[in-house]
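# Coordinates in review
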Amino acid sequence: MNSLLFGTAKINEKKHLEIGGCDTLQLAKEYGTPLYVYDVALIRERAQGFNETFTDLGVKHRVTYASKAFSCLAIYQVMKEEGLSCDVVSAGELYTALKAGMDPAQIAFHGNNKTYEELALAVDENIGAIIVDNFYEITLLKEILENKNKTQTILLRVAPGIDAHTHEFIMTGQEDSKFGFDINSGQAERALQIVQGESHFDLVGVHCHIGSQIFSTDAFKMASSKMVELLVDWRKRYDFVAQILNLGGGFGVKYIESDDPLEGKEYVREIALSVKNNCAENEYPLPEIWIEPGRSIVAEAGTSLYTVGARKDIPTVRNYVSVDGGMGENIRTALYDAEYTAAIANDMTAPNEEIVTITGKYCESGDVLVKNASMPKVKPGDILAMFSTGAYGYSMASNYNRNPRPAVVFVENGHSRLVVKRETYADLVSADVPLY
Ligand SMILES: *Cc1c(COP(=O)(O)O)cnc(C)c1O
């Protein structure tokens, strides 16, 4: 048996995996597989935890859900209910957030290549903040604001030159990064000079995001002292005082037994205390602290359910167990060697007996979900559960091989609710234009 039971997840008296008071076997039957199941109570608990920690420390703050981790109408509505703001990184996410009823003032827009149309939409919708990433964006946004005769609240995204010791593909705060104005080479300072001279920009602060799936608080403390150092310098030389210091997201979560992240609240505590100390030492007025957790709010709340199909046992080489999904709804293993834990949802107490590689149905050898998983004997028809799949799973889903994207259900207090329908074959051709 191996399982990562978070939140309301437990093994019920039938030895089935139960989440949010719902038997996952029932969910698989009712909604089909592959299926994403989200424990809404856990999402709420995580969201509240961040806000409460700041409040307890008496620090003005904003907790912004980085919605690229998982974006659909229902999740924005849960965030809104819990008093969170949200980040968007495209007009598509912005549209979804607005449709869900998110207050435009509570939306911040990120991205290293926002298009003219995207920026214009954001300005038209009066969104709360645009996190300006580069010089080209300054030019585009200036033109839009002049044309519309509007002022936009902005933050400058800077690259603080911090190596956060995580996987290369998800490391963003180092100097060699496509994101943000580099501090060390003077780009950040140049950006400040430009936007300070423009009446259409209301510069309220700075932003950095040092990476993702970070376990230690050291990198965050380094980033916060580097950022305060920058602000102190800018106050001295440009008379600029930041109202907001945005330190991004990236708090680690547990995917496999050996992962040992801190509780989300702990990261917040350390960050807030570090900023407080750094500001106090420099007699800098404590700015409002913004954080942008994505993964740490939704990853552990998400579980994927699959039906086991074919097996291929190659003596002395490897045993392949194929499920009815794969890289189409979860590309993280194929993309960056992500590791996961899987269990048999219909027999949660069975002892581990074999090592298998859990693979999907896609026509790629790299279509792997879990490499070398230690599992009970897996047989066709079993319902396989993969834990901690709530972040960057569904949101990266594709229609490769023309497989429909799966359904997503929210479970809470014994009730399940479909929040994203499974795509139909008709959906798959809905944007196609036939020749005749
Ligand atoms: C992706 C991203 C986040 C969220 O990262 P997580 O690891 O999911 O917490 C926050 N801020 C920015 C700017 C991002 O790009």
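Values in this document were obtained by computation on a predicted structure and should not be read as measured data.

As a further point, take the site of the ligand. As a matter of local geometry, the ligand sits amid 14 residues, with Lys68, Ser212, Glu292, Arg295 and Tyr392 nearest to it. The contact in question runs from an oxygen atom of the ligand to an N or O atom on the backbone of Gly294, over 2.9 Å. For the ligand, whose accessible area on its own is 390 Å², the fraction buried by protein is 93%. Grouping the constituent residues of the shell around the ligand by class yields 3 nonpolar, 7 polar and 4 charged.

According to the domain assignment, the protein chain contains domain 1 (2-32 + 301-427) and domain 2 (40-298). Its C-alpha centre places domain 1 at a distance of 32 Å from the equivalent point of domain 2. Listed per partner, the contact involves 26 residues of domain 1 and 23 residues of domain 2. Here domain 1 packs against domain 2, burying approximately 2,200 Å² in sum over the two surfaces, 65% of which is carbon and sulfur. Area buried by domain 1 at its contact with domain 2 is led by Ala301, Tyr392 and Phe410, which between them contribute 28% of it. The interface formed by domain 1 and domain 2 holds 1 salt bridge in total. Between Arg44 and Glu412 there is a salt bridge; the shortest N-O distance is 2.8 Å. Counting residues per element, the ones that place at least two in the side of domain 1 that touches domain 2 are α11 (332-336), β20 (407-412) and β21 (415-420). No other element matches β20, which puts 4 residues into the side of domain 1 that touches domain 2. Tallied by class, residues from the side of domain 1 that touches domain 2 come to 14 nonpolar, 9 polar and 3 charged.

In this section: the packing of aromatic side chains. One pass over the structure, following the stated rule, counts 12 aromatic pairs. Note on Tyr38 and Phe70: the rings are 4.3 Å apart at their centroids and 10° apart in plane angle, and the pair reads as stacked. Of this pair, Tyr38 sits in strand β4 (residues 35-39) while Phe70 is found in the loop between β5 (61-66) and α3 (73-81), placing the two residues 32 residues apart along the sequence. With a relative accessible area of 0%, Phe70 lands in the buried category. By the ring-pair criterion, three or more aromatic residues cluster together here, those being Tyr36, Tyr38, Phe70, Tyr394 and Phe410. The aromatic ring of Phe109 is capped on one face by Lys114, whose charged end is 5.7 Å from the ring centroid.

A separate point is helix α4 (residues 91-99). Those residues of α4 that sit buried are Glu93, Leu94, Thr96 and Ala97. The buried residues of α4 occupy an angular sector of 165° when the element is viewed end-on, so they sit on one face. Relative to its buried face, α4 has exposed residues pointing more than 90 degrees away, namely Tyr95 and Lys99. Among the structural elements, α3, β6 (85-88), β7 (107-109) and α5 (116-124) are those in contact with the buried residues of α4.

Our focus in this paragraph is the pairing of strand β11 (residues 201-207). Counting buried positions along β11 gives 6 out of 7 residues, so the element sits mostly inside the fold. Looking at chain direction, β11 and strand β12 (residues 244-246) are connected through 3 bridges and run parallel. Looking at β12, one finds that His207 is bridged to Asn246. Taken together, β11, helix α8 (residues 218-238) and β12 constitute a β-α-β crossover, and its handedness is right-handed.

Reading the values: rules and limits
Residues numbered from 1 in each chain as written. Predicted model: local features only at pLDDT ≥ 70, side-chain atom pairs only at ≥ 80, totals over all residues. Heavy atoms only, no water. Near = heavy atom within 4 Å. Polar contact = N/O pair within 3.5 Å; in protein donor to acceptor, adjacent residues only side chain to side chain. Areas by Shrake-Rupley, 256 points an atom, 1.4 Å probe, with all protein chains shown as cover. Nonpolar A, V, L, I, M, F, W, Y, C, P; charged D, E, K, R; others polar. Domains from an automatic or database assignment. Contact = heavy atoms within 4.5 Å. Buried area = accessible area lost by both parts, 1.4 Å probe. Salt bridge = Lys/Arg side-chain N within 4 Å of Asp/Glu carboxyl O. Helix = DSSP H or I, 4+ residues; strand = E, 2+ residues; numbered from the N terminus. Phe/Tyr/Trp six-rings, centres within 6.5 Å; stacked < 30°, edge-to-face > 60°. Buried < 20%, exposed > 50% of the residue type's maximum accessible area, 1.4 Å probe, protein only. Lys NZ or Arg CZ within 6 Å of the ring centre and 35° of its normal. Arc of directions from axis to C-beta. Pairing = 2+ DSSP bridges. Right-handed = clockwise from strand over helix to strand, strands pointing away.

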